[in-house]
Amino acid sequence: MSAFFIDPNIAKAKTIDTDYYTSQHYFNESKEKIFAPSWQFIGDTDLVKENASAYPFTLLEHYLNEPLLLTKDKDGALRCMSNVCTHRGNLVVYEPCKLNQLRCKYHGRLFSLDGKFISMPEFKEVENFPTAADNLHPMPLFQWGRLLFTSLNNIIPAENYFKEMIDRVGWLPMDKLEYRSDLSKDYHVKANWALYCENYLEGFHIPFVHAGLNAVLDFGEYTTEVFRYCNLQLGIGKKGDVCFDLPEESVDYGKEVAAYYFWVFPNMMFNFYPWGLSLNIVQPLGVSETKVSFLTYVFDESKLGSGAGSGLDEVEHEDEEVVENVQKGIRSRFYTHGRYAPKREQGTHHFHSLIAEFIR
């Protein structure tokens, strides 16, 4: 497993072995070792606007493929649970709906909206029944403003993933974010999910790849801060550009912050701009195939199309071109490792270190 040792000293370290981007074995291993224990985005509270409603969904479709259910009971409490009936494994809810109880359409097993077993026809003779195993499996639910997250293997508390981000930008009106489907878009990238993430995690390439973005960011002031399960790239704007109106209690007060680029391990990117949030979810589809969803949430429409948060589609296509060519390049018999620029690639080094930790 020496191929997946990342020296903690970035000045000495080599990048992760290229087997990680090309091997079906590591692609499969990452499902349970990296993605199942992590926190994943579900959607927002609009999925279950009304009390006594349910929303079925598949967590990371085509990869984790876990059928889950989000419910809101008659008192307004939100819950997440397995959407698989504990009798014979049928899906309990097929489509978004309003209902007072959950009834499996296969044999009529009945559950409350919190997933607790209520009744089952023809089971009078069954011994030691019901037990806790007959309830729908409960899932942890973490809420930040209107955004919802869950984890299939709740080993690490959500606070460990999100705390630094929430502390840094908690003054933003997260409860006022409005999802804009007209400004959201999916991209299909012919590259490994990890290559896409590590490209995001360094601003080193901005002057070479993103002329438009480089024109509004002060590259000399671009910094990366590394935390346990997330990191921040702080984008400082040039004079006269649209920047955040920071509150005095912010640790960044006095800076011309054009963008907060937060990444949360392993596959979520929270790009905060003065107009709102571009939330990017990276979804593995195959060893060299990835779906990236750009989900747009707005709280100040008057600032749309300006500053670092403009031209996101163009920036994405520029990134795709580079990442897809890297996917071709790392298959070369002449390349297995690279080195890191200590001042510019801390985020990528951090990402590789976490992959190595979780895979081991």
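Model, not experiment: these values are computed from the prediction.

Re the overall build of the chain
Turning to step 1, where the next piece is worked out: Within the chain, the regular secondary structure consists of eight helices and 19 strands.
Turning to step 2, where the next piece is worked out: Its C-alpha atoms give the chain a radius of gyration of 22 Å, near enough to 21 Å, the size a compact globule of 360 residues would have.
Turning to step 3, where the next piece is worked out: Seen through its principal axes, the chain has C-alpha atoms that stretch 70 × 50 × 30 Å.
Turning to step 4, where the next piece is worked out: Within the chain, the fraction of its 360 residues that count as buried is 52%.
Turning to step 5, where the next piece is worked out: Considering only contacts in the chain between residues 6 or more positions apart, those separated by 24 or more positions represent 64%.
Turning to step 6, where the next piece is worked out: As displayed, the chain has an accessible area near 16,700 Å², and 48% of this comes from carbon and sulfur atoms.
Turning to step 7, where the next piece is worked out: A distance of 3 Å separates the average location of the 35 positive side-chain charges in the chain from that of its 49 negative side-chain charges.

Quick word on the domain arrangement of the chain
Turning to step 1, where the next piece is worked out: When cut into domains, the chain gives domain 1 (40-150) and domain 2 (176-359).
Turning to step 2, where the next piece is worked out: Its C-alpha centre places domain 1 at a distance of 34 Å from the equivalent point of domain 2.
Turning to step 3, where the next piece is worked out: Listed by partner, the interface residues are 12 residues for domain 1 and 16 residues for domain 2.
Turning to step 4, where the next piece is worked out: Of the roughly 1,100 Å² buried between domain 1 and domain 2, counting both surfaces, carbon and sulfur atoms make up 67%.

Some points on the pairing of strand β18 (residues 276-286)
Two faces, one strand: in a regular strand the side chains alternate between the faces of the sheet.
Turning to step 1, where the next piece is worked out: When you tally the buried positions in β18, you get 10 out of 11 residues, the bulk of the element.
Turning to step 2, where the next piece is worked out: Note that strand β17 (residues 268-273) and β18 share six bridges and pair antiparallel. Residue pairing in the sheet places M268 in a bridge with I281 of β18.
Turning to step 3, where the next piece is worked out: Hairpin connection, β17 to β18: the antiparallel pair is bridged by two residues.

Notes on the sheet that holds strand β8 (residues 117-119)
Turning to step 1, where the next piece is worked out: Spatial strand order, β6-β7-β8: three strands in an open sheet with antiparallel pairing. Where the open sheet ends on each side, the last strands, each with one partner, are β6 (102-103) and β8.
Turning to step 2, where the next piece is worked out: With two bridges joining them, strand β7 (residues 110-111) and β8 adopt antiparallel strand pairing. Pairing of L110 across the sheet is with S119, part of β8.

Topic: the UniProt feature "domain: Rieske" (unreviewed entry) in the chain
Turning to step 1, where the next piece is worked out: According to UniProt, the feature "domain: Rieske" (unreviewed entry) maps to residues 39-135 in the numbering used here.
Turning to step 2, where the next piece is worked out: As annotated, residues 39-135 comprises 0% helix and 34% strand, and the C-alpha atoms at either end are separated by 23 Å.

What about the environment of E249?
Turning to step 1, where the next piece is worked out: When you line up the elements, E249 lands in the loop between β15 (230-236) and β16 (257-264).
Turning to step 2, where the next piece is worked out: Overall, the relative accessible area of 63% leaves E249 in the exposed class.
Turning to step 3, where the next piece is worked out: Put simply, E249 and K163 are 86 residues apart on the chain and 17 Å apart in space, counted from C-alpha to C-alpha.

Quick word on the nonpolar core
Turning to step 1, where the next piece is worked out: One finds Y20, F162, Y260, F265, F270 and F272 to be the most contacted residues of the largest nonpolar core, which totals 97 residues.
Turning to step 2, where the next piece is worked out: The element that contributes the greatest number of residues to this core is β16, accounting for eight residues.
Turning to step 3, where the next piece is worked out: When residues of this core are assigned to domains, at least three fall in each of domain 1 (40-150) and domain 2 (176-359).
Turning to step 4, where the next piece is worked out: The next biggest cluster of nonpolar side chains, apart from the first, holds 15 residues, and it includes A54, M81, L102 and F117.

Examining the pattern of salt bridges
Turning to step 1, where the next piece is worked out: The tally for this structure, following the rule as stated, stands at 17 salt bridges.
Turning to step 2, where the next piece is worked out: Across the salt bridge formed by R168 and D252, the nearest N and O atoms sit 2.8 Å from each other. Taken together, the residues span a long stretch of sequence, with R168 in helix α3 (residues 158-169) and D252 in the loop between β15 and β16 at a distance of 84 residues. For the pair formed by R168 and D252, the shared burial category is buried.
Turning to step 3, where the next piece is worked out: Three or more residues are tied together by salt bridges with common partners; here these are R168, E225, D252 and K255.

Let's talk about the sheet that holds strand β1 (residues 40-44)
Turning to step 1, where the next piece is worked out: The strand order across the open sheet formed by three strands is β1-β11-β10, and the pairing between neighbours is antiparallel. In this open sheet, the two edge strands, each paired with only one partner strand, are β1 and β10 (142-144). Strand-to-strand twist in this sheet, taken as the mean axis angle between neighbours without regard to direction, amounts to 30 degrees.
Turning to step 2, where the next piece is worked out: Of the strand pairs in this sheet, β1 and strand β11 (residues 147-150) are connected by four bridges, and their pairing is antiparallel. Within the sheet, the bridge partner assigned to Q40 lies in β11 and is T150.
Turning to step 3, where the next piece is worked out: Against the sheet, α3 contacts β10 and β11, and its axis sits at roughly 5 degrees relative to β10.

Notes on the packing of aromatic side chains
Turning to step 1, where the next piece is worked out: Summed over the entire model, instances satisfying the criterion amount to 36 aromatic pairs.
Turning to step 2, where the next piece is worked out: Residues W39 and F142 carry aromatic rings whose centres are separated by 6.4 Å and whose planes lie at 70 degrees to one another, so their mutual orientation is edge-to-face. Of this pair, W39 sits in the loop between α2 (24-35) and β1 while F142 is found in strand β10, placing the two residues 103 residues apart along the sequence. Comparing W39 with F142, the two get one shared label, buried.
Turning to step 3, where the next piece is worked out: Here the aromatic rings of W144 and F272 are separated by 6.0 Å at their centres, their planes lie at 70 degrees, and the arrangement is edge-to-face.

Procedures and definitions
- Residues numbered from 1 in each chain as written.
- Predicted model: local features only at pLDDT ≥ 70, side-chain atom pairs only at ≥ 80, totals over all residues.
- Heavy atoms only, no water.
- Helix = DSSP H or I, 4+ residues; strand = E, 2+ residues; numbered from the N terminus.
- Rg over C-alpha atoms; globule rule 2.2 N^0.38 Å.
- Buried < 20%, exposed > 50% of the residue type's maximum accessible area, 1.4 Å probe, protein only.
- Contact = heavy atoms within 4.5 Å.
- Areas by Shrake-Rupley, 256 points an atom, 1.4 Å probe, with all protein chains shown as cover.
- Lys, Arg positive; Asp, Glu negative; His and termini not counted.
- Charge placed at Lys NZ, Arg CZ, Asp CG, Glu CD.
- Domains from an automatic or database assignment.
- Buried area = accessible area lost by both parts, 1.4 Å probe.
- Pairing = 2+ DSSP bridges.
- UniProt positions renumbered as here; feature names shortened; annotations may be inferred.
- Core = buried A, V, L, I, M, F, W, Y, C linked by side-chain atoms within 4.5 Å.
- Salt bridge = Lys/Arg side-chain N within 4 Å of Asp/Glu carboxyl O.
- Axes fitted to C-alpha atoms, helices over the stretch in contact; angles between N-to-C directions.
- Phe/Tyr/Trp six-rings, centres within 6.5 Å; stacked < 30°, edge-to-face > 60°.

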